[in-house]
Every structure is written in C-alpha cells, then in structure tokens.
Amino acid sequence: MRSVLERMARLGRPPLHTLAPAEARAAYHAGAEVLEVPRAELARVQDLHIPARDGARLPARLYAPSVEAGLPLLLYLHGGGFTIGSVATHDVLCRELARLAGCMVVSLDYRLAPEHRFPTAVHDSWDALQWLAAQAAPLGADASRLAVGGDSAGGTLAAVSALQARDARLALALQLLIYPGTTARQDTPSHTRFAHGLVLDQPAIAWFFEQYVGHGPEREDWRFAPLLAPDLEGAAPAWVGLAELDPLVDEGVEYADRLRAAGVPVDIEIYRGVTHEFIKMGRALPEARQFHQDAARALRQAFGDR
C-alpha cells in the first residue's frame, strides 16, 4: 500500500478536488483500471437503460457469467463521492463480482452532482432497484434473489436503498456495503486520523459533499447519512467491508453496530493496512483480491446454492 501511495505521489497529478467536476471525472476515468485485475470475459454483457421517476433513462450495464435463466441479481452502485465515477470506472470490479459470485450484476450510472444534487442519486438508485425487481424475469434473473451493493458513495446509496426496500416490503437477500459513508458531519476520529496523505482525504470529502449536498438541512437527512435513520430494524442482512486506513472506517463500524443492535444479521470485515479505493487495486494488493473472494462468498451464501 505504501508503494502504491508513493507511486501516486510521484505522478504529481493535481488532486481531484482542485479540478472542475468534468475534469475530475475524466481524470478518475483515466486512472480507474491502472491497478485493476485483468478484465474477466463473461458470457453476457449488455447495456441497458432503466427508467427514472422523472422520465430520464439511466444507463446501466448487465453482467452475467452464463446465459442461463434464473440467476440471482445484484444492483451495484459505484463510488466517487456522488460526483465522479461511472459504470466504466467500475467495469472490472463488477465483472469480477459476477464471475466469482455466479450472479448477474447490474451496474447503474445514477446521475451525478453538481448537475444533479441530493436526492437525485437516491431516487435513481431506488427507481433502478424497483425496476429490476419488476423486470427480473425478462432479464433472465430470479426476482426472489435480489441484492443491492456499492462502494463509498455507492455504499451509502445501497444502505439507503435497503431501508427503502424494507419499507416497501421488497425482500433483499443482502446489502453489500463497501466502506459506506453514513455520517452527516464527518466528525468521527478516523476522519481526523486519516485526514491527509492517503487516497481519500479531508479536502476531497469536503469538495464531494459541497457538490452533492452543501451545508443546509439536507445534511441531516438520513438518505444522506444513514446513521440518522430512526429505525434500522427489518433491513436486509448486511456484509460490510472496510479499509483500516480510511476516513470512513469508524462510521462503517458504527453503522454495522447499529444494524446488529437492530437485530439485522451483519458480517463485517476490516482489511488491514489498506486505504479507501483498495478494492480496485488487485494488481498491487492481495487484500483487493481477498476482498473480491470475500464479497463473492457473501453473495453466494445470501443467494443460496441452487
């Protein structure tokens, strides 16, 4: 991990938070696969459009390791501070999850800030999950075996969608939460301890949230900060994967603890010695490859062997 950080520093690229959003997206896209594992070839990769409540058609990509019908389905929501990231930047990761878990993965291009501020991404994620539940059979998926997951900002959206699914009585087999953001004010000790020098730092977090939510009352909305949700009881079982050297690690632990206290089955894994974004560094970090195996195992166990 130290070697990765040193190589990143030697590149001398401007921090994303110093760029305009469009420039930051391009820079993130350019570096997204540099440290990824090789791209898995799958039996089925299909681009889709999913309708949103306001009439927009959201791009998405379906991955499946086989063409057989009745595969379980994971809706995947990419990270990027609600401002950067895309289906393309998480293509290798979603292929790997589909391959290892033996499930269909649908990766969503939810709309990004600042062009689309909170709660557009929340709405897009929930609209996509409902649509996939309704359209599972035509897509070749099993509507009785659905899951939602995501990393970072996508982990936040996945946690929120899981609570919305509970309220709508849409049964989910699992919520796969990868270093999710869950607090309103980013004031846990790990935000101070890891504020500078790692992959995700305090200036970047502040910039992302300025684009997405600002400093108004929306900060206290549980759909931005799931730790503020009044009740977590009845949510889908959770698998929570965290990085030890990450500003978000404390709030991830706290959310897992709150889920468990509410009676939700929770498995939590903290990957030692790695930073935010490590899951996309499989060429350099064995912990990333271990994460792929662990997340896939959690999905397989949640979906059940058939």
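Chemist: Describe the pairing of strand β3 (residues 71–77), listing the residues and the values that go with them.
Modeler: Judged by how many residues are buried, β3 sits mostly within the fold: seven of seven residues are covered. Across six bridges, the pairing between β3 and strand β5 (residues 141–151) is parallel. Considered in β5, the bridge of Leu77 is made with Gly150. Since β3 and strand β4 (residues 104–108) lie parallel, the crossover through helix α3 (residues 91–101) that links them has a hand, and here it is right-handed.

Chemist: Give me unusual backbone geometry: which residues, what numbers.
Modeler: The peptide bond linking Ala113 to Pro114 adopts the cis configuration, its omega dihedral lying at 0°. Turning to its location among the elements, Pro114 is positioned in the loop between β4 and α4 (120–139). A cis geometry characterises the amide bond from Phe118 onward to Pro119, with omega recorded as 5°. Although it is not a glycine, Phe82 sits at a positive phi angle of roughly 65°. Residue placement: Phe82 occurs in the loop between β3 and α3. Here the phi dihedral of Arg169 falls at roughly 60°; this positive angle occurs in a residue that is not glycine. Along the chain, Arg169 falls in the loop between α5 (153–167) and β6 (174–178).

Chemist: Give me the environment of Pro72: which residues, what numbers.
Modeler: When you line up the elements, Pro72 lands in strand β3. The exposure class of Pro72 is buried, given its relative accessible area of 6%. Those residues in contact with Pro72 that sit more than four places away from it in its chain are Gly102, Cys103, Met104, Arg145 and Phe303.

Conventions used here
- Residues numbered from 1 in each chain as written.
- Predicted model: local features only at pLDDT ≥ 70, side-chain atom pairs only at ≥ 80, totals over all residues.
- Heavy atoms only, no water.
- Buried < 20%, exposed > 50% of the residue type's maximum accessible area, 1.4 Å probe, protein only.
- Helix = DSSP H or I, 4+ residues; strand = E, 2+ residues; numbered from the N terminus.
- Pairing = 2+ DSSP bridges.
- Right-handed = clockwise from strand over helix to strand, strands pointing away.
- Contact = heavy atoms within 4.5 Å.

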